[in-house]
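Here's the letter readout for the chains.
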Protein chains: 2
Amino acid sequence: MNNIPQISDAEWEVMKVLWSKSPSSANEVIEALEDQTDWKPKTIRTLLNRLVQKQAISYSQEGKVYAYFPLVSEDECVRSETASFLKRIYGGAFKPLLVNFLKEEKLSPEEIKELKNILDDKSK
Amino acid sequence: MNNIPQISDAEWEVMKVLWSKSPSSANEVIEALEDQTDWKPKTIRTLLNRLVQKQAISYSQEGKVYAYFPLVSEDECVRSETASFLKRIYGGAFKPLLVNFLKEEKLSPEEIKELKNILDDKSK
DNA sequence: ATTAATTGATTACACATGTAATACAATATT
DNA sequence: AATATTGTATTACATGTGTAATCAATTAAT
């Protein structure tokens, strides 16, 4: 059931809008993306159409316009993308990614503390 | 200088071979990938050519065959891919990825310890 | 009612990618 | 020398993606 479709970079931006607020009309999505991108409205409509075809989203006729909503949850997609990314780059092993990134990422003391708390929980 | 070229999924497999042993002839790469993939030799040669065009690898004429070698390091590429992945999926924030994954990944006690050590170092 | 504006559907087009096959040139074999 | 083999270069072709424009239908305005 939960076959997550391939979602491209540009499509992902559209998904983020719908995950944050749905249902949304095409115009609402277009408006939401106006700041972050300089895509023409037609471009965004194309992306919406492709996402419908991929069954990542769907819509219902609300009055005269379509009201789009996601068919897949952000969580599922993030998990799926992350898994395939890990597989691709790190051969599926999570730890090397962590080590690699912990070493160079700037994390605030609070964040470090939070992460340590999570680790503490896990070791119980 | 360090403009990392876009490396596709299939190309990445070829890069991994060259990172693990270079220089390698086309045939050596083909052989190395025989187990992991069912790509035809011609396919792998295409990938090698594309990587040369992208300036991800280069070659020198060794005797009668080309000896391919990477022009970009694995570390650079991993970092670059990871950064763009993070940007795409997590809006560039590293912590949510960590939190998300720490929660569901199975890590051995040793791994947890190692990660905590890294975190300890960082908080100094 | 005719025209303009809006929204959704269809079409476009270049470049990337997966996945090779064919052409060509140099070398090895008979 | 003619031919077969092998390695490289060029070409192929479908699908995905970025980035829209045009077409068509419906609604709004005059």
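Just so you know, these numbers come straight off a predicted model, no measurement behind them. The residue count restarts for each chain, going from 1 along the sequence in the order it is written. Each chain takes a letter, starting from A, and each ligand takes a number, starting from 1, following the order in which they are written. Local features in this predicted model are restricted to residues of pLDDT 70 or higher, and side-chain atom pairs are both shown and tallied only at a pLDDT of 80 or more, whereas totals for entire chains, interfaces and linings draw on every residue. Excluded from the side-chain calculation are hydrogens and water; included are all heavy atoms of the structure.

Description of the layout of surface pockets
Then, number 1: Roughly 750 Å³ of volume is contained in the largest pocket.
Then, number 2: A cavity, in this analysis, means grid points on a 1 Å lattice covering only the protein atoms where a 1.4 Å probe fits yet has no way out; a pocket is instead an open set bounded by protein on both sides within 12 Å along at least five of seven lines, and a residue lines either one if it has an atom within 4 Å of a point. Lining the largest pocket are 24 residues, with E81(A), R88(A), D9(B), E81(B) and R88(B) positioned closest to its centre.
Then, number 3: Within the residue set of the lining of the largest pocket, elements represented by two or more residues are α1 (9-20) and α4 (74-90) of chain A together with α1 (9-20) and α4 (74-90) of chain B.
Then, number 4: Here the residues of the lining of the largest pocket sort into eight nonpolar, six polar and 10 charged. Grid points are joined across faces, edges and corners, and a volume is the space filled by probe spheres set on the points. Each helix is a run of H or I in the DSSP string that is no shorter than four residues. Each strand is a run of E no shorter than two, and both are numbered from the N terminus. When residue character is reported, Ala, Val, Leu, Ile, Met, Phe, Trp, Tyr, Cys and Pro are called nonpolar, Asp, Glu, Lys and Arg charged, and the others, Gly included, polar.

A short note on the domain arrangement of chain A
Then, number 1: Taken domain by domain, chain A consists of domain 1 (1-89) and domain 2 (93-124).
Then, number 2: Domain extents, as shown, originate in an automatic or database domain assignment. Placing the centre of domain 1 of chain A and that of domain 2 of chain A at their C-alpha centroids yields a distance of 30 Å.

A short note on the protein's contact with DNA strand C
Then, number 1: We call a residue near a given molecule or strand whenever any one of its heavy atoms falls within 4 Å of it. Taken together, 21 residues sit near DNA strand C, with R45(A), Y66(A), S8(B), T43(B) and T46(B) positioned nearest.
Then, number 2: What you see for DNA strand C is that sugar and phosphate hold 58% of its atoms within 4 Å of the protein.
Then, number 3: Pairing of N or O atoms within 3.5 Å defines a polar contact, subject to two protein rules: one partner must be a possible hydrogen donor and the other a possible acceptor, and residues neighboring in sequence count only if both atoms are side-chain atoms. At a separation of 3.5 Å, a phosphate oxygen of DNA strand C approaches a polar backbone atom of D9(B).
Then, number 4: One of the side-chain nitrogen or oxygen atoms of T46(B) is found 2.6 Å away from a base nitrogen of DNA strand C.
Then, number 5: Residue assignment for the surface near DNA strand C shows that the elements contributing at least two residues are α2 (26-36), α3 (41-53) and β2 (65-70) of chain A together with α1 and α3 (41-53) of chain B.
Then, number 6: With five residues, the top contributor of residues to the surface near DNA strand C is α3(B).
Then, number 7: Of the residues assigned to the surface near DNA strand C, the class counts are six nonpolar, five polar and 10 charged.

Things to note about the interface of chain B and chain A
Then, number 1: Whether two residues are in contact is decided by their heavy atoms, any of which lying within 4.5 Å being enough. Counting from both sides, the interface comprises 39 residues of chain B and, opposite them, 38 residues of chain A.
Then, number 2: Defined in terms of a 1.4 Å probe, buried area is the accessible area two parts forfeit on being brought together, summed over both. Area buried by chain B at its contact with chain A is led by R88(B), F94(B) and L119(B), which between them contribute 18% of it.
Then, number 3: Salt bridge, as applied in this entry: a Lys or Arg side-chain nitrogen positioned within 4 Å of an Asp or Glu carboxyl oxygen. The interface formed by chain B and chain A contains six salt bridges.
Then, number 4: Inspection of the chain B/chain A interface yields 13 residue pairs in polar contact (both at pLDDT 80 or more).

Thoughts on the pattern of salt bridges
Residues and elements named next belong to chain A.
Then, number 1: Under the definition given, this model contains 14 salt bridges over all chains.
Then, number 2: Here K54 and E11 are joined by a salt bridge, their closest N and O atoms 2.7 Å apart. Of this pair, K54 sits in the loop between α3 and β1 (57-62) while E11 is found in helix α1, placing the two residues 43 residues apart along the sequence.
Then, number 3: Ionic pairing is found between D75 and R79, a salt bridge with its closest N-O pair at 2.3 Å. Residue D75 and its partner R79 are both found in helix α4; the two are separated by four residues, about one turn of the helix.
Then, number 4: Its relative accessible area of 33% is what places R79 among the partly exposed residues. Relative accessible area decides the class of each residue, using a 1.4 Å probe on protein chains only: under 20% of the type maximum gives buried, over 50% gives exposed, and in between gives partly exposed.

Examining the protein's contact with DNA strand D
Then, number 1: Around DNA strand D lies a shell of 21 residues, among which S8(A), T46(A), K64(A), R45(B) and Y66(B) are the nearest.
Then, number 2: In DNA strand D, atoms within 4 Å of the protein come 60% from sugar and phosphate.
Then, number 3: Between DNA strand D and S8(A) there is a distance of 2.6 Å, counted from a phosphate oxygen to a side-chain nitrogen or oxygen.
Then, number 4: N27(B) places a side-chain nitrogen or oxygen 3.2 Å from a phosphate oxygen of DNA strand D.
Then, number 5: Every element with two or more residues in the surface near DNA strand D is listed here: α1 and α3 of chain A together with α2 (26-36), α3 and β2 (65-70) of chain B.
Then, number 6: Here the surface near DNA strand D takes five residues from α3(A), the largest share from any one element.
Then, number 7: Residue composition of the surface near DNA strand D, by class: six nonpolar, five polar and 10 charged.

Observations concerning the confidence of the model for chain A
Detailed conclusions should not be drawn from predicted coordinates in areas where pLDDT is low.
Then, number 1: Looking at any residue, its pLDDT shows the predictor's confidence there, from 0 to 100. Per-residue confidence for chain A gives a mean pLDDT of 88, with 97% of residues at or over 70.
Then, number 2: When pLDDT is averaged over each helix and strand of chain A, the minimum, 76, is found for helix α5 (residues 94-104) of chain A and the maximum, 97, for α3(A).

Here's the deal with the environment of V14(B)
All names here are of chain B.
Then, number 1: Tracing the chain through its elements places V14 in helix α1.
Then, number 2: With a relative accessible area of 0%, V14 lands in the buried category.
Then, number 3: In contact with V14, other than residues within four places in its own chain, are V29, L33, L47, L48 and L51.

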